[in-house]
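# What the coordinates show
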Amino acid sequence: MQRRNFVQKATLASMTALLSADIVFGASMPKYYLPLGLQDPDPFKMFDKNKEMVVLNDKPWNIEAQAHLLDDKVTPNTAMFIRNNGLIPDDPDTASWTLAIDGESAKEQKSYTLQELKSKFKTHTYQLTLECGGNGRSEFDPPAKGNQWTIGAVSCAKWTGVRLRDVLEDVGVKPDAVYIGYHAADKHLSQNPDKEPISRGAPMAKAMQEETLLAFQMNGADIPLAHGYPLRLVAGGWPASVSGKWLNRISIRNKVHDGAKMESPSYRVPCNPVAPGEKVKDEDMCIIESMPVKSLITYPKSGAMLKEGQSLNIRGHAWAGELEVAQMEYSIDFGATWKDCPIERPANRLAWQHFSARINFPKKGYYEIWAKATDSQGVSQPMLLPAWNPKGYLNNACHRIAVKIG
C-alpha cells in the first residue's frame, strides 16, 4: 500500500532524482509502474540512519544500533533504534491532526489540535531513556520468539512537548481512574482497519509523572516520522512500548487497559522465577513496569587492539528505569574483581548517566572488559543472563567487549 501510494504521487522527475540517473524511455513506462531500482527501499536513507545500524525486520521495520553508535551523550536520530508493530502512517497531515481524550474515567471528552496543545499548555524538555523490553533477547537460551535484539534497542534523546498530566487535568479525571491507554495512526500488518497493531498504556501514577510527555519534538526538531511524528507519548524508564507513536487518542480507563499487546504474554514476565523453557500460564505473568539497571560500553568497539603498556580509556552509559545508578564498576578478569569508575549524575530524572575509566593491563594477551551498574536500591546487574522468561524480556546482563594487548 505504501509503495502504491508513492507511485501514484511520484513524477518522472522525482523518480529520476531518487535514482540519480536519467530514466531512458521513462515516458514509455506504464502508469503507476515503479522502476526496479526503487522497489527495494533503503531504510538507511528512508529513516536517516547510520549504515552500521542492523535491520532485524522490514515488515514491520525493526532496526537496532551497535554499541559504538550510541557513544553520544544525547542520542541522535541516526543511531536511534526503530521498534514497530505495524505500518508507519503515510504523510500525516499536521493541520488536521487531533488528539482525543476519552474513556470511562474521563469527566468529559475533549479534542485538541497540535497548535492547541502547544499554545494552551506549558512546554517542557527532558532527556529520557527509552529501551525495548526485548533488548538483549538474542542471548536467552532456550531462544525466545521475537526480534533477536542484541544491545542496541535503547536510546536517550531530548524530547520536547507538554506534560500528559496537564492535559488530563484539563479534561478532568474521575476518582476511579486506574490506567491510561493510547491509540495511534499506525496500521495493522493485515491492513484491517478494525485492528490496532499496538495499544498499550500505563498506570495513572506513571501518566501523571512530571516527565511523561506528549512530545512533538526530538532533539530540538520535529520528531522523525519513524519515531512518531507528529505526536507521541514518551514515558522514560519503562519499556518503550509504553511510549506510543503517532498518537491520536488517549483513553482514561477505570481498569487496566485492555488494548492490543496488553494481553499476556506481551510485555510480561513470570510473576515468580521459572526454570528455562518452562511454560507459564497467562495469569501467572506480570506486566513489565520500571526497567532494570543496565549499562553499555560505547567506546571502544569490541575487538580493540593495543600495544603492550598502552592504557585504554573506556566510556559508556548506565540507566536504571525509575531509579538512578549509584555505582559503576568494571572488571578485566571475568568478574573475579571489580574496580569503581566515575559516573555522572543524570541530566534529569529518567536520563541515562555517563561513565568513563582509564584501564591498564598487566601483560600481553586477550582480555574482556565487563561493565556493571548498581542502582540506588543496591541492585546490581547480573554478570551473565538473568532469570529466563518465555518472551525474552529484560536481559540486563553485564555488557562485555574484547581487547587484545600485543
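Residues numbered from 1 in each chain as written. Predicted model: local features only at pLDDT ≥ 70, side-chain atom pairs only at ≥ 80, totals over all residues. Heavy atoms only, no water.

### A look at the overall build of the chain
For the chain, the helix and strand inventory stands at six helices and 23 strands. In summary, the chain has a C-alpha radius of gyration of 23 Å against a globular reference of 22 Å for 406 residues, a match within 12%. Going through the 406 residues of the chain one by one, you find that 51% of them count as buried. Counting contacts in the chain only where the partners sit at least 6 residues apart, residues at least 24 apart contribute 70% of the total. As presented, the chain carries roughly 18700 Å² of accessible surface, and 51% of it is formed by carbon and sulfur atoms. Distance between charge centroids for the chain: 3 Å, based on 48 positive and 45 negative side chains. (Helix = DSSP H or I, 4+ residues; strand = E, 2+ residues; numbered from the N terminus. Rg over C-alpha atoms; globule rule 2.2 N^0.38 Å. Buried < 20%, exposed > 50% of the residue type's maximum accessible area, 1.4 Å probe, protein only. Contact = heavy atoms within 4.5 Å. Areas by Shrake-Rupley, 256 points an atom, 1.4 Å probe, with all protein chains shown as cover. Lys, Arg positive; Asp, Glu negative; His and termini not counted. Charge placed at Lys NZ, Arg CZ, Asp CG, Glu CD.)

### As for the sheet that holds strand β16 (residues 294-299)
Pairing within the open sheet is antiparallel, and its three strands lie in the order β16-β18-β21. Strand pairing shows two members of the sheet lacking a second neighbour, β16 and β21 (353-359), which therefore form its edges. Averaged over all neighbouring strand pairs, the angle between strand axes comes to 30 degrees, with direction disregarded. (Pairing = 2+ DSSP bridges. Axes fitted to C-alpha atoms, helices over the stretch in contact; angles between N-to-C directions.)

### Overview of the sheet that holds strand β20 (residues 339-340)
Here we have five strands laid out as an open sheet, ordered β17-β23-β22-β19-β20, and mixed in their pairing. Both outer strands of the open sheet, β17 (304-306) and β20, are each paired with one neighbouring strand and no more. In terms of strand pairing, strand β19 (residues 325-331) meets β20 through two bridges, oriented antiparallel. Counted as the bridge partner of Y330 is K339 from β20.

### Details of the state of the cysteines
Within the structure shown, the criterion is met by one disulfide. Disulfide pairing places C271 opposite C286 at an S-S distance of 2.0 Å. Taking the sign of the torsion about the S-S bond as the criterion, the disulfide between C271 and C286, at about 105 degrees, is right-handed. Of this pair, C271 sits in the loop between β14 (268-270) and β15 (285-287) while C286 sits in strand β15; the two residues are 15 residues apart in sequence, bridging distant segments of the chain. Looking at C156, it has no disulfide partner, and the nearest cysteine sulfur is the one in C132, 16 Å off. The structure places no disulfide on C341, whose sulfur is separated from the nearest cysteine sulfur, that of C398, by 12 Å. (Disulfide = S-S within 2.5 Å.)

### Notes on the nonpolar core
Ranked by size, the top nonpolar core spans 52 residues in total, and within it I101, L214 and L231 carry the most contacts. With four residues, helix α5 (residues 164-171) is the single largest residue contributor to this core. Not counting residues within four places of it along the chain, the set of residues in contact with L214 comprises L99, G161, V162, L164, V167, L231, R232, L233, L247 and I250. Of all hydrophobic cores here, the second largest spans 23 residues; its members include I297, Y330, I369 and A373. (Core = buried A, V, L, I, M, F, W, Y, C linked by side-chain atoms within 4.5 Å.)

### As for the confidence of the model for the chain
For the chain, the average pLDDT comes to 94, and 94% of its residues sit at 70 or higher. For residues 1-9, every residue scores under 50 in pLDDT, and the model assigns this stretch 15 contacts once sequence neighbours within four places are set aside. (pLDDT = per-residue confidence, 0-100.)

### Observations regarding the side chain of H317
Locating H317 in the fold gives a position in strand β18 (residues 312-319). Within the structure, H317 has its side chain in polar contact with the side chain of H354 (distance 3.0 Å). When near neighbours in sequence (up to four residues on either side) are disregarded, H317 contacts L70, D71, D72, K73, K294, S295, L296, T298, W352, Q353, H354 and F355. (Polar contact = N/O pair within 3.5 Å; in protein donor to acceptor, adjacent residues only side chain to side chain.)

### Structural notes on the packing of aromatic side chains
Tallying each qualifying case throughout the model produces seven aromatic pairs. Note on F47 and W61: the rings are 5.5 Å apart at their centroids and 80 degrees apart in plane angle, and the pair reads as edge-to-face. Of this pair, F47 sits in the loop between α3 (43-46) and β1 (54-58) while W61 sits in strand β2 (residues 61-64), and the two are 14 residues apart along the sequence. Exposure remark for F47: the relative accessible area of 10% places this residue in the buried category. Relative to W352, the ring of W319 has its centre 5.9 Å away and its plane inclined at 45 degrees; by these criteria the two rings are tilted. You can see W319 sitting in strand β18 and its partner W352 sitting in the loop between β20 and β21, a full 33 residues away along the chain. Sitting above the plane of the F216 ring, K118 keeps its charged end 4.9 Å from the centroid. (Phe/Tyr/Trp six-rings, centres within 6.5 Å; stacked < 30°, edge-to-face > 60°. Lys NZ or Arg CZ within 6 Å of the ring centre and 35° of its normal.)

### Considering the pairing of strand β8 (residues 179-184)
Most of β8 sits inside the fold, with six of its six residues counted as buried. Here β8 shows a buried face lined by Y179, G181 and H183 and a second buried face lined by I180, Y182 and A184.

### Focus: the pattern of salt bridges
Counted according to the given criterion, the structure contains 19 salt bridges. Note that D170 and K110 form a salt bridge whose closest N and O atoms lie 3.2 Å from each other. Taken together, the residues D170 in helix α5 and K110 in strand β5 (residues 110-113) connect sequence positions 60 residues apart. Between R349 and E211 there is a salt bridge whose closest N-O contact spans 3.1 Å. On the criterion of sequence distance, the pair formed by R349 in the loop between β20 and β21 and E211 in the loop between α6 (204-207) and β10 (213-218) is long-range, its members being 138 residues apart. By relative accessible area, R349 is classed as partly exposed at 31%. In this structure, a network of salt bridges that share partners links the residues E104, R253, K255 and D258. (Salt bridge = Lys/Arg side-chain N within 4 Å of Asp/Glu carboxyl O.)

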